[in-house]
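Spelled out from the first residue to the last, the chains are:
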Amino acid sequence: MRWGKRLLAAALVVTLGGCVDLFSWSPSGRFLFWPAMDSEGEGWIWDASTRTATKVSRPGPIAGGVLLNDDQDMLVFTILPDAAKRGIIETEEGSLYKGNARGGPWEKVLERTYRNGFALSPDRATLYYAEKLGDPPRYELRAVDLAHPERTRALFTSAADMYFPQVSPAGDRLLFTQEEGGVARVCVLPGARTRRARV
């Protein structure tokens, strides 16, 4: 997929051949990140104050990312080597890294996760994600302190697949989708320590 970029007045116009929902603004709104979604797996950051775009230093082919602050610290989702042959757009499984867009270094936060399987707290200090465990599979919703990735706690466990987590603006509720037997439902997990979800 080829991207065309041009500035029109104060706006950045991005033209692409498909639908991409993986754009991310920095908290202040100065920087905008987007993955190129091309064969090279590049990522770009646009500076709204200077109206310039720069290429992201990357640990691997990027298929998504989130800016954590205006210093361009960020999380990036990279596809796994064994999945690269399927193409960036089609690949949902990968690894999550934390680093700086200007030059790293990049630290692996999650070994295997899903593009639609993680979310951040409003202060961007806590990462929430769903982990697939065992056979037969069960799924566990977890929280990770990004400043101390070894600090991980389980919030909720289920036999149903979990994805699309979203955190409320106040950070006191976690929304996610469960799917089992072809039926999807939206659940709300109130509070950070509860283990029961309300549908």
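Fair warning: this is a prediction, and the values are worked out from it, not measured in the lab.

Analysis parameters
- Residues numbered from 1 in each chain as written.
- Predicted model: local features only at pLDDT ≥ 70, side-chain atom pairs only at ≥ 80, totals over all residues.
- Heavy atoms only, no water.
- Pairing = 2+ DSSP bridges.
- Helix = DSSP H or I, 4+ residues; strand = E, 2+ residues; numbered from the N terminus.
- Axes fitted to C-alpha atoms, helices over the stretch in contact; angles between N-to-C directions.
- Buried < 20%, exposed > 50% of the residue type's maximum accessible area, 1.4 Å probe, protein only.
- Phe/Tyr/Trp six-rings, centres within 6.5 Å; stacked < 30°, edge-to-face > 60°.
- Contact = heavy atoms within 4.5 Å.
- Core = buried A, V, L, I, M, F, W, Y, C linked by side-chain atoms within 4.5 Å.
- Salt bridge = Lys/Arg side-chain N within 4 Å of Asp/Glu carboxyl O.

Caption draft 1: A look at the sheet that holds strand 6 (residues 52-55). Read across the open sheet, the four strands follow the order 3-4-5-6; overall the sheet is antiparallel. Two strands lie at the open edges of the sheet, namely strand 3 (24-25) and strand 6, each paired on one side alone.

Caption draft 2: Geometry of the sheet that holds strand 16 (residues 173-180). Spatially, 15-16-17 is the arrangement adopted by the three strands of the open sheet, whose pairing is antiparallel. Bordering the open sheet on either side are strand 15 (161-167) and strand 17 (183-190), each of which pairs with just one other strand. Strand-to-strand twist in this sheet, taken as the mean axis angle between neighbours without regard to direction, amounts to 25°. Here strand 16 pairs with strand 17 via eight bridges, running antiparallel. Residue pairing for strand 17: T177 is matched across the bridge by V186.

Caption draft 3: Region of interest: unusual backbone geometry. The phi torsion at Q72 lies on the positive side, around 70°, for a residue other than glycine. Within the secondary structure, Q72 sits in the loop between strand 7 (62-67) and strand 8 (73-79). You will see that R124, though not glycine, has its phi angle at about 60°, which is positive. Tracing the chain through its elements places R124 in the loop between strand 11 (118-120) and strand 12 (126-133). Residue R124 is classed as partly exposed on the basis of its relative accessible area, which comes to 22%.

Caption draft 4: Examining the packing of aromatic side chains more closely. Counting across every chain of the model gives one aromatic pair. Taken together, a centroid distance of 5.6 Å and an interplanar angle of 45° make the contact between F156 and F176 tilted. Here F156, found in strand 14 (residues 148-158), pairs with F176, found in strand 16; they are 20 residues apart in sequence, far enough to count as distant. For the pair shown, F156 and F176 are each scored as buried.

Caption draft 5: Main features of the environment of P122. For P122, the position within the fold is in the loop between strand 11 and strand 12. Accessibility expressed as a relative area gives 46% for P122, which makes it partly exposed. Separated by 95 residues in the primary sequence, P122 and P27 have C-alpha atoms spaced 9.4 Å apart. Apart from residues no more than four positions distant in its own chain, P122 is found in contact with V167, S168, P169, A170 and G171.

Caption draft 6: Spotlight on the pairing of strand 13 (residues 138-145). Of all the eight residues making up strand 13, six are buried; the element is thus mostly covered by neighbouring parts of the structure. Relative to strand 13, strand 12 is paired through eight bridges, and the arrangement is antiparallel. Bridging from a neighbouring strand, L133 pairs with R138 of strand 13. Counting the residues that bridge the hairpin from strand 12 to strand 13 gives four residues, and of these G134 lies at a positive phi of roughly 70°. Linking strand 13 to strand 14, which pair antiparallel, is a turn of two residues.

Caption draft 7: Region of the structure containing the nonpolar core. Formed by 15 residues in total, the largest nonpolar core has its most connected members in L75, L96, F118, L120, L127 and L146. Examining the composition of this core, we find that three residues originate from one element, strand 8, more than from any other. With 14 residues, the next largest nonpolar core counts A119, Y139, M162 and L174 among its residues.

Caption draft 8: A look at the pattern of salt bridges. Applying the stated criterion across every chain yields a total of six salt bridges. With its nearest N and O atoms 2.8 Å apart, the salt bridge here joins D47 to R30. Of this pair, D47 sits in strand 5 (residues 43-47) while R30 is found in the loop between strand 3 and strand 4 (31-35), placing the two residues 17 residues apart along the sequence. Look at R30 and you get partly exposed, because its relative accessible area is 37%. Put simply, D145 and R151 hold a salt bridge, and the shortest N to O gap is 3.9 Å. For D145, a relative accessible area of 25% puts it in the partly exposed group. Three or more residues joined by partner-sharing salt bridges are found here, namely R138, E140 and R142.

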